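# Summary of structural features
Chain by chain, the residues run as shown.
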Amino acid sequence: GAVVSQHPSWVICKSGTSVKIECRSLDFQATTMFWYRQFPKQSLMLMATSNEGSKATYEQGVEKDKFLINHASLTLSTLTVTSAHPEDSSFYICSARELRPPTNEKLFFGSGTQLSVL
Amino acid sequence: AQTVTQSQPEMSVQEAETVTLSCTYDTSESDYYLFWYKQPPSRQMILVIRQEAYKQQNATENRFSVNFQKAAKSFSLKISDSQLGDAAMYFCAYRSGNDMRFGAGTRLTVKP
C-alpha cells in the first residue's frame, strides 16, 4: 500500500526556536496534504490543508504565521513551527491524498511527530 | 460545519465477542466518504474500513463491518470475534472533498 513518511518522529527544542516537520509520499503523488494536531487522549484536529503549488488553507484559530506550511512538490509538504513555545508541544500528524482514482478517496497517514518545547 | 460525534468514550469487549462502536455525523453534502480509523499506542493511524455515501451496501473487511444509515446519518462499526490486537482508539471520520473531520474517539479495551 501507499506509504507516507513523516520526519522526525520526535523532536525536543528550546522555546523560541523553529522546528520543521517533513511529510513525504513515497510511492504516489499527493495533490493534497493535511496537517493535524493531536493532544493526549484527544482526537485529531485539522490545522491546515495544503495543495501543491498554492498557499495552504488554515482552519479557524490556527495562526498561519506560527505554523508555516509549504507544499512545493507533489511528494513533499513541510510544517514549520516558528518561535515554538511550550504550548505548541503536541503530536503532529500529516496525511496525504492520492491523486489518481480509484484510491483517491483514501488518505494515507504519516507516523506522526511528537514535539516537546522546553 | 460538518461534525462527527462518537458518544462512547470507552468500550469494553470480551475476547472473541462482538462489539459495536457508534458514530453519527452531520452534513448537508450528498457526496462524501466515511471511515473508521484505528490508532494503537504507536499512534499510527490505520484505516479499518471506509464507506462511500452513494453506496447502499454496507462495507465489510473481514471481521469489521459497518451499519451505514444514510438518512439517520449514522455509521457504526461492528467488530466480530474481537482479538486482543483490536484494543486501540477508534476514530470515526468524514470526508467531503478536502474537508476531513474526526470524531472524539472511542477507546476499546479487549478483555482476555
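Residues numbered from 1 in each chain as written. Chains lettered and ligands numbered in written order. Predicted model: local features only at pLDDT ≥ 70, side-chain atom pairs only at ≥ 80, totals over all residues. Heavy atoms only, no water.

## Some thoughts on the overall build of chain B
Of the regular secondary structure elements, chain B holds 0 helices and 12 strands. Listing the helices and strands of chain B from first to last along the sequence gives β-β-β-β-β-β-β-β-β-β-β-β. A principal-axis box enclosing the C-alpha atoms of chain B has dimensions of 40 × 25 × 20 Å. Restricting the contact set of chain B to residue pairs at least 6 apart, pairs at least 24 apart contribute 54%. The centroid of the 12 positive side-chain charges in chain B is displaced by 3 Å from the centroid of its 11 negative side-chain charges. (Helix = DSSP H or I, 4+ residues; strand = E, 2+ residues; numbered from the N terminus. Contact = heavy atoms within 4.5 Å. Lys, Arg positive; Asp, Glu negative; His and termini not counted. Charge placed at Lys NZ, Arg CZ, Asp CG, Glu CD.)

## Quick look at the nonpolar core
Among the nonpolar cores identified, the biggest contains 25 residues, and Tyr25, Trp36, Phe75, Leu77 and Tyr90 of chain B are the most heavily contacted of them. Ranked by residue count, the leading element in this core is strand β10 (residues 88-96) of chain B, at 4 residues. Residue contacts for Tyr25 of chain B: discarding those within four places in its chain leaves Thr3, Val4, Tyr32, Leu34, Phe68, Lys70, Lys73, Ser74, Phe75 and Tyr94 of chain B. Val4, Val19, Leu79 and Tyr92 of chain A belong to the second largest nonpolar core, which has 24 residues in total. (Core = buried A, V, L, I, M, F, W, Y, C linked by side-chain atoms within 4.5 Å. Buried < 20%, exposed > 50% of the residue type's maximum accessible area, 1.4 Å probe, protein only.)

## A look at the interface of chain B and chain A
Much of the literature gives interface size as the accessible area that the parts lose upon coming together. Contact with chain B, which involves 19 residues of that partner, is made by 23 residues of chain A. The tally of links between chain B and chain A comes to 1 salt bridge. For the salt bridge of Glu59 of chain A with Arg101 of chain B, the shortest nitrogen-to-oxygen distance reads 3.1 Å. The interface formed by chain B and chain A holds 6 residue pairs in polar contact (both at pLDDT 80 or more) in total. Tallying contributions element by element places strand β5 (residues 33-39) of chain B first for the side of chain B that touches chain A, with 4 residues. (Salt bridge = Lys/Arg side-chain N within 4 Å of Asp/Glu carboxyl O. Polar contact = N/O pair within 3.5 Å; in protein donor to acceptor, adjacent residues only side chain to side chain.)

## A few points about a nonpolar patch on the surface
All names here are of chain A. Residues Trp10, Ile12 and Leu118 make up a contiguous nonpolar surface patch of about 400 Å² in total accessible area. Within the secondary structure, Trp10 sits in strand β2 (residues 10-13). Its relative accessible area of 59% is what places Trp10 among the exposed residues. (Patch = residues over 30% accessible without salt bridge, like charges linked within 9 Å, V, L, I, M, F, W, Y side chains within 5 Å. Areas by Shrake-Rupley, 256 points an atom, 1.4 Å probe, with all protein chains shown as cover.)

## Things to note about the confidence of the model for chain A
The predicted coordinates of low-pLDDT regions are not to be read in fine detail. When pLDDT is averaged along chain A, the result is 90, and 92% of the positions lie at 70 or above. For chain A, strand β10 (residues 107-109) of chain A is the element with the lowest average pLDDT, namely 88, and strand β11 (residues 113-117) of chain A is the one with the highest, namely 97. (pLDDT = per-residue confidence, 0-100.)

## Digging into the pattern of salt bridges
Applying the stated criterion across every chain, the model contains 8 salt bridges over all chains. Lys66 of chain A serves as the salt-bridge partner of Asp88 of chain A, at 2.7 Å between the closest nitrogen and oxygen. Residue Asp88 of chain A is found in the loop between β8 (76-81) and β9 (90-98), and its partner Lys66 of chain A is found in the loop between β6 (57-58) and β7 (67-73); the two are separated by 22 residues along the sequence. For the residue pair Asp88 of chain A and Lys66 of chain A, the accessibility class agrees, reading buried in each case. Taking the shortest distance from any N to any O, the salt bridge between Lys55 of chain B and Glu52 of chain B comes out at 3.9 Å. By relative accessible area, which is 38% here, Lys55 of chain B ends up partly exposed. Here Glu52 of chain B falls in the buried class, since its relative accessible area comes to 10%. Salt bridges sharing partners connect three or more residues here, namely Glu59 of chain A together with Asp99 and Arg101 of chain B.

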